[in-house]
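# A structural walkthrough
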Amino acid sequence: MNDSKLNKNYPKNEFQRKMSGTERRFLRMPNANVVMSAKIKGLVSQEQLKSAIFKVRQKHFVLGVRVSLDDDSVGYFTQENVPEIPIEVMPRLTEEDWIQATTEELKRAFSIEIGPLIRFLLLQSPEVSDLIVTAHHSICDGRSLVYLIRDIMVFLSNSTRDVEIPIVIPAAIQDCIPSSAKPGFFYRLIVKRINQKWMRKKISFNEKDYQELHQIFWQKNKVSVLIWELTESQTTNLVSRCHQEQVTVNCALYAAFLAAQNHIQGDSQGYLHNIMVPVDFRSRLTQPVGEAIGFYASGVMFRLKHNPKKSFWDMARIIDKRIKQKLTDKNIFQGQRLNLLSPSLMDGLLFAKYGKLKDKMALNLLKKKGLDKLFAGTIISNLGKLDIPVNYGNWCLKA
């Protein structure tokens, strides 16, 4: 594939570009599904949903892609010969049906080289429907799926509405990282030598290998979706109290879950003291990406033990201070350093981690980077305050 074609404005249905390092790093992960459910008041028909999804696919090119890999395992998003987006409809029998459906969606693998990397499940009833969106992490982050659900609701409520032009092309991260966060010359030189050594091994993986890795992972690991929610008045009170205590709601949630984790699991395992905080970095990029659907998130991490002698709000203030100290471009884009690794080496680290590759170099690098074990005990994906409409004609977003 000619790289010169990768940076122009693409005509409709001809989108293609080289994957960024982050997108490629997540490609073979067996637990890379991002799932979001929307509770919609009102009957949504299969034909109405199909029409709306057809339009959002035109607006957001990345919804209709597969991944093409070259001889060096470098990945490219392409719209060429990609099937329609799968839409499954099932009856909604109980309020809890979405929980089981979401659990299953987390475990269902995508066909990476056939595509598309997104699918929809509609749990339908005359009064209320649950729309469950499942996308591969290489094409989205959590905020992306909120924008996507909003756009679907807009097209549902106005079936004659045209797709807006110009359409936002999802930019590759490495093209718009702040210069202060880019790896230095010597780091690049070291990684280049590592890549050269690895490439001489001529190790690569295919779709069959990925599907086997996915199956092995989910045979050994369990997933549970548990419901916990605050009422509207409880949420209002929490936000008000956080303002009084001069901490963010996010920090209060971290303090609560850190205390709960300590109560249930104790603190004997080292990883339980590691807190990972996801960060949406769209506003920090040198090229605006707006509300494009793409993977524009990373995380910062620090160690903190729950201190039962501290009050709840004191712990929240400690967390607030630690997070603010970490929110620099250098820390937020730290993960981009791993993206300099050869794509086949990225795959090799994953396969080595889950016992599908017995290569000394991959195993040593895995251990050196700390990727061979659990690295955080708490990760809260807080999407923050999202200013999206609730009412869409005959439909209303309830949750």
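Since we're looking at a predicted model, the values are computed, not measured.

### Digging into the sheet that holds strand β4 (residues 75-78)
Strands sit in the order β1-β4-β3 across an open sheet of three strands; the sheet is antiparallel. The open sheet has two edge strands, β1 (16-18) and β3 (66-69), and neither has a second partner. Within this sheet the neighbouring strands show an average axis-to-axis angle of 25°, counted without direction. Pairing geometry for β1 and β4, over three bridges, is antiparallel.

### Topic: the sheet that holds strand β11 (residues 391-392)
Judged by pairing direction, the sheet is mixed, and its six strands sit side by side in the order β5-β6-β7-β2-β12-β11 without closing on themselves. With one partner strand each, in any of the chains shown, β5 (87-91) and β11 form the two edges of the open sheet. Packing of helix α3 (residues 97-107) onto the sheet brings it into contact with β2 (33-41), β5, β6 (118-124) and β7 (128-136), and relative to β2 it is tilted by some 155°.

### What about unusual backbone geometry?
Going from Gly-115 to Pro-116, the amide bond is cis rather than trans, its omega being -10°. For Pro-116, the location among the structural elements is in the loop between α3 and β6. A positive phi angle, near 55°, is found at Lys-202, a position not held by glycine. Turning to its location among the elements, Lys-202 is positioned in the loop between α5 (185-199) and α6 (207-220). By relative accessible area, Lys-202 is classed as exposed at 74%.

### Structural notes on the packing of aromatic side chains
In total, this model carries eight aromatic pairs according to the counting rule given. Each ring, one from Phe-26 and one from Phe-295, has its centre 5.0 Å from the other, and the planes form 80°; the classification is edge-to-face. Here Phe-26 is found in the loop between α1 (21-25) and β2, whereas its partner Phe-295 is found in the loop between β8 (274-280) and β9 (297-303), with 269 residues between them in sequence. Judged on exposure class, the residue Phe-26 and its partner Phe-295 are both buried. Above the plane of the ring of Phe-110 lies Arg-119, whose end atom (NZ or CZ) is 4.3 Å from the centre. For the cation-ring pair, Arg-337 lies above Tyr-187, with the distance from its terminal atom to the ring centre recorded as 3.8 Å.

### Focus: the pairing of β7
The two faces of a sheet get side chains in turn, since along a regular strand they alternate between them. Extensive coverage of β7 is indicated by the burial of nine of its nine residues. With burial as the criterion, each face of β7 is covered, one bearing Val-128, Asp-130, Ile-132, Thr-134 and His-136 and the other bearing Ser-129, Leu-131, Val-133 and Ala-135. Note: β2 against β7, nine bridges, orientation antiparallel. Bridge pairing in β7 places Lys-39 opposite Asp-130. Bridge analysis of β6 against β7 gives six bridges, and the strand direction is antiparallel. Bridge assignment links Ile-118 to a residue of β7, and that residue is Ala-135.

### Considerations on the confidence of the model for the chain
Looking at the chain, pLDDT values average 91 and 95% of them are 70 or higher. Every residue in residues 1-11 scores below 50 in pLDDT, and together they form 17 contacts with partners more than four places removed in sequence or on other chains.

### A few points about empty space enclosed by the protein
Following the criterion strictly, the structure yields one cavity of 30 Å³ or more and no others. The volume enclosed by the largest cavity comes to roughly 50 Å³. Lining the largest cavity are Leu-258, Gln-261, Asn-262, Gly-266, Asp-267, Leu-272, His-273, Leu-304, Lys-305 and His-306. Of the residues that constitute the lining of the largest cavity, the class distribution is three nonpolar, five polar and two charged.

### A word on the packing of helix α8 (residues 249-265) against helix α9 (residues 312-326)
Where α8 contacts α9, the two axes come as close as 8 Å, and the packing angle between them is 120°. By the angle between their directions, the pair α8 and α9 is classed as oblique. Handedness of the crossing formed by α8 with α9: right-handed. Mapping the contact onto sequence places Cys-251, Ala-252, Tyr-254, Ala-255, Ala-256 and Leu-258 in α8 and Phe-312, Trp-313, Met-315, Ala-316, Ile-319, Asp-320 and Ile-323 in α9. Looking at the contact of α8 with α9 residue by residue, the classes come out as 12 nonpolar, no polar and one charged.

The rules behind each value
- Residues numbered from 1 in each chain as written.
- Predicted model: local features only at pLDDT ≥ 70, side-chain atom pairs only at ≥ 80, totals over all residues.
- Heavy atoms only, no water.
- Pairing = 2+ DSSP bridges.
- Helix = DSSP H or I, 4+ residues; strand = E, 2+ residues; numbered from the N terminus.
- Axes fitted to C-alpha atoms, helices over the stretch in contact; angles between N-to-C directions.
- Contact = heavy atoms within 4.5 Å.
- Buried < 20%, exposed > 50% of the residue type's maximum accessible area, 1.4 Å probe, protein only.
- Phe/Tyr/Trp six-rings, centres within 6.5 Å; stacked < 30°, edge-to-face > 60°.
- Lys NZ or Arg CZ within 6 Å of the ring centre and 35° of its normal.
- pLDDT = per-residue confidence, 0-100.
- 1 Å grid on protein atoms, 1.4 Å probe; cavity = no way out; pocket = protein on both sides within 12 Å on 5 of 7 lines; lining within 4 Å.
- Points joined across faces, edges and corners; volume = space filled by probe spheres on them.
- Nonpolar A, V, L, I, M, F, W, Y, C, P; charged D, E, K, R; others polar.
- Parallel < 35°, antiparallel > 145°, perpendicular 65-115°, else oblique.
- Left-handed = near helix turned anticlockwise from the far one by under 90°.

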